[in-house]
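Overview (structure and organization)
Residue strings, one per chain:
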Amino acid sequence: MGVITDEPVRADPLSVLHEVYGYPAFRGAQQAIVEHAIAGGDALVLMPTGGGKSLCYQIPAIVRHRAGRGVTVVVSPLIALMHDQVGALDELGVPAAFLNSTLDGDEARRIERELLAGRLVMLYAAPERLLTPRFLAMLDSLHARGKLSAFAIDEAHCVSQWGHDFRAEYLGLSALHERYPSVPRLALTATADAHTRADIVQRLALDDARLFVSSFDRPNIRYTIVEKADPKAQLLRFLRDEHEDDAGIVYCQSRRKVEETAAWLVGEGVPALPYHAGLDADVRRRHQDRFLREDGLVMVATIAFGMGIDKPDVRFVAHLDLPKNIEGYYQETGRAGRDGLPADAWMAYGLQDVVNQRRMIDEGEAGDDYKRLQRDKLDALLGLAEAHDCRRVRLLAYFGEASEACGNCDNCLQPPATWDATEAARKALSCIYRFQQHGGLAFGAGHLIDVLRGKTTDKVRQHGHAQLSTFGIGADISEAQWRGVLRQLIALGHVRAEGEWHTLVLDESARAVLKGEVSLRLRQPSEARRARTERTTRRGAAGKAPPLPLDDEALQRFAALKAWRGEVAKAHNLPAYVVFHDATLAEMARAQPATLEALGS
Ligand code: ADP
Ligand code: ZN
């Protein structure tokens, strides 16, 4: 203790931003955070994906190292993330390294020597590595010499069991504070609802830390959630109408579906690549590289893809399956539009998604408390999917932020019609009840809807269900509407889908609905709104990138510039956006600079 002096640190963060990173200005809360951290304060930083968290600890690390304060230890949960960060710092000429299981003994020893000699500005390590006796001994030595500058704890939500990405190793991090109470700490995360946030503060003993909460709003991202009818066709229409030649990510739940979807897109003429944990490391690396470097590739992936992917011009993120919770959805969609230009978050979801997710939770190994938490989180996501008001308001509210209707989500742009489904819900529940009474059997959603709509199918005949008092009581309600009702009932837990055949059984809580104590208002299914969708699509196509309003000639110049950029990027083996951002090309297309000087400005 007491090794850290109170002498002011000399070196100016803004010049580091200019000279090392080449950025003209700080973004949002970055400057305040950086200054606080340079002065040695503790902080908890909440910033959405793409907000620029890395600079918040990297610039203080550089400034403090220059001032003789030694190394900043960065805790990071994923090897891939460490590699990317250290690779990027390397390019910037900042001495940084990581210690993890990918290094052989010699390399690890070399880095340890660099560390102890005080040459490293930042050292990345996973928590389990950090807490080994060997590592702590090195930290002790640095600390004794006043060369342990700070700790940065990235992805800090991993410390919380309430978060969506709990890692037991993170719990051990409280030991750092106990051992080195005078060393400042910066904890950073992109996903923390109120509960998780409180947990981070408590578990990392950050009670005195300053809290920096950036707005989670990503105003350039347009949120759209559609009901699944023919998901592939819906996806293709979305890609063709709004994102021809754009780079984007399509998330699917299973590896098989990733492979299938990628192959199918290629067959449809969309340049697509698969990515999932089952592919060879080599193939994965190659696909990731191509996605980063080439223009306009579509990556079809499981959620194994994305962490640490820093490609600013991802124009859309599409979900073909429902994520597990809003945190996941937000993190995944957050990979779109990091450059601040218009981007789309598009998702198709259906009854089967709800059934699958509920079952994965129910049949999982987790304890009851954790299962309840997962169900609550799934419900919140379904609430978002079924919402008939502004999606963004709901999303932000989930992260504790109040806002007003955004004007840039599907519901704001095309307010959906709603209908009162209270009575329909009661009919569905009593029909399930009649099944049980009639033959003691349970049936799936398809058959239930047939009975409600009064369809005389083979199965109806076989089980004598035409005799039920509920046969045909819902003929006036469309199949899509019925699916909406069942999604809600399952999401709310009044009905459970069980066994291999997803047969529907009543939960105790269905009683309240049957008694008419719960009312239900649902969005009108999209079939009834097809005419509107087509209008949206046309508007979407017209509103497609470029980011500036350009006339037809400028648009042609923009396209030509993009093609030229593609060639330059290829020739130099660089990602296209490194050559020029879309926004820069658009500005060139508009202004048509005639001289090098004009271009320079
Ligand atoms: P996060 O970790 O919050 O998801 P990153 O730190 O990866 O975000 O930053 C996202 C992108 O924004 C990166 O490409 C980064 O270089 C860029 N960026 C961050 N801060 C600035 C800034 N002040 N000016 C320009 N670009 C920035
Ligand atoms: Zn909205």
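Another point: the packing of helix α1 (residues 13-21) against helix α3 (residues 53-66). At a closest axis distance of 10 Å, the pairing of α1 and α3 adopts a crossing angle of 105 degrees. If you check the angle between α1 and α3, you find them roughly perpendicular. When α1 is examined against α3, the residues Pro13, Val16, Leu17, Val20 and Tyr21 are found in contact with a partner set consisting of Leu55, Gln58, Ile59, Ile62, Val63 and Arg66.

A word on the environment of Gly51. Secondary-structure assignment places Gly51 in the loop between β1 (43-46) and α3. Of the residues examined, Gly51 reaches a relative accessible area of 18% and is grouped as buried. Sequence separation of Gly51 and Ala190 is 139 residues, and the distance between their C-alpha atoms is 8.5 Å. With near-sequence residues (within four places) excluded, Gly51 lies in contact with Arg27 and Gln30.

This part is about the sheet that holds strand β13 (residues 343-349). As summarised here, the arrangement of the six strands in space is β8-β13-β12-β9-β11-β10, forming an open sheet in which the pairing is parallel. On the outer flanks of this sheet lie β8 (221-227) and β10 (272-275), each paired with one strand and no other. Here the average twist between neighbouring strands, direction ignored, is 15 degrees. The pairing of strand β9 (residues 248-251) with strand β11 (residues 298-301) spans four bridges and is classified as parallel. Counterpart to Val250 in the pairing with β11 is Val300.

Right, let's talk about the pairing of strand β4 (residues 122-125) for a bit. Because side chains alternate across β4, one face comprises the buried residues Met122 and Tyr124, and the other comprises Leu123 and Ala125, equally buried. Where strand β2 (residues 71-75) lies against β4, four bridges are found, and the strand directions are parallel. Of the residues in β4, the one forming a bridge with Val74 is Tyr124. The pairing of strand β3 (residues 96-99) with β4 spans four bridges and is classified as parallel. What sits directly across from Ala96, in β4, is Met122. Handedness of the β-α-β unit built from β3, helix α5 (residues 105-116) and β4 comes out right-handed.

Take unusual backbone geometry next. The phi angle at Glu155 is positive, at roughly 50 degrees, despite the residue not being glycine. Position of Glu155 among the secondary structure elements: in the loop between β5 (148-153) and α8 (168-171). Residue class for Glu155 comes out buried when judged on its relative accessible area of 11%. Unlike most non-glycine residues, Asp245 shows phi in positive territory, near 65 degrees. Among the structural elements, Asp245 can be located in the loop between α11 (231-242) and β9.

On to the site of ligand 1. Within the structure, ligand 1 sits among 15 residues, and Tyr23, Ala25, Gly50, Lys53 and Ser54 are positioned closest to it. With respect to ligand 1, the side chain of Ser54 contributes an N or O atom lying 2.7 Å from an oxygen atom. Between Arg338 and ligand 1, the recorded distance is 3.4 Å, taken from a side-chain N or O atom to an oxygen atom. When residues of the shell around ligand 1 are assigned to their parent elements, the largest contribution, three residues, is made by α3. Each residue belonging to the shell around ligand 1 can be placed in one class, and the counts come to five nonpolar, six polar and four charged.

This part takes up the packing of helix α25 (residues 552-572) against helix α27 (residues 582-591). Following both chains from N to C, one finds α25 and α27 inclined at 135 degrees, their axes separated by 8 Å at the closest point. In terms of orientation, α25 lies oblique with respect to α27. For the pair α25 and α27, the sense of crossing is right-handed. On α27, the residues that touch Ala554, Arg557, Phe558, Leu561, Lys562 and Arg565 of α25 are Asp582, Leu585, Ala586, Met588, Ala589 and Arg590. Tallied by class, the residues present in the contact of α25 with α27 amount to seven nonpolar, no polar and five charged.

Right, let's talk about the pattern of salt bridges for a bit. In this structure the tally under the stated criterion is 32 salt bridges. Between Glu227 and Arg487 there is a salt bridge, with its nearest N and O atoms 3.5 Å apart. Of this pair, Glu227 sits in strand β8 while Arg487 sits in helix α22 (residues 479-491), and the two are 260 residues apart along the sequence. In this structure Glu227 comes out as buried when scored by relative accessible area, which is 8%.

Cut-offs and rules
- The residue numbers shown here count from 1 along each chain, following its written sequence.
- Whichever chain is written first is A, and whichever ligand is written first is 1; the rest continue in order.
- Given that this is a predicted model, residues contribute local features only at a pLDDT of at least 70 and side-chain atom pairs are listed and counted only at 80 or more, while totals for whole chains, interfaces and linings are drawn from all residues.
- Values shown for side chains rest on all heavy atoms present in the structure; no hydrogens or waters enter the calculation.
- The axes used here are C-alpha line fits, helices contributing only the stretch in contact, and every angle between their N-to-C directions lies in the interval 0 to 180 degrees.
- Put simply, DSSP H or I for four residues or longer makes a helix, DSSP E for two residues or longer makes a strand, and each gets a number counted from the N terminus.
- Here the angle decides the label: under 35 degrees means roughly parallel, over 145 means roughly antiparallel, 65 to 115 means roughly perpendicular, and every other value means oblique.
- The criterion used for residue contact is that any of the two residues' heavy atoms lie within 4.5 Å.
- Think of it in three bands: residues with accessible area under 20% of the maximum for their type are buried, residues over 50% are exposed, and the middle band is partly exposed, with areas taken using a 1.4 Å probe on protein chains only.
- A pair of strands is labelled paired if DSSP reports no fewer than 2 bridges between them.
- Assignment of crossover handedness uses the view with strands pointing away from the viewer, where a clockwise path from the first strand over the helix to the second indicates a right-handed crossover.
- Throughout, near means a residue has at least one heavy atom within 4 Å of the molecule or strand.
- Contacts described as polar in this section are N or O atom pairs within 3.5 Å, which, within protein, must combine one atom able to donate a hydrogen with one able to accept it, while residues neighboring in sequence count only if both atoms come from side chains.
- Asp, Glu, Lys and Arg are counted as charged, while Ala, Val, Leu, Ile, Met, Phe, Trp, Tyr, Cys and Pro are counted as nonpolar; the rest, among them Gly, fall into the polar class.
- Helix crossings fall into two classes, left-handed where the near helix is turned counterclockwise from the far one by less than a right angle and right-handed where it is turned clockwise.
- The term salt bridge refers to a pairing of a side-chain nitrogen on Lys or Arg with a carboxyl oxygen on Asp or Glu at a separation within 4 Å.

Interpretation in functional terms is not warranted from these geometric data alone.
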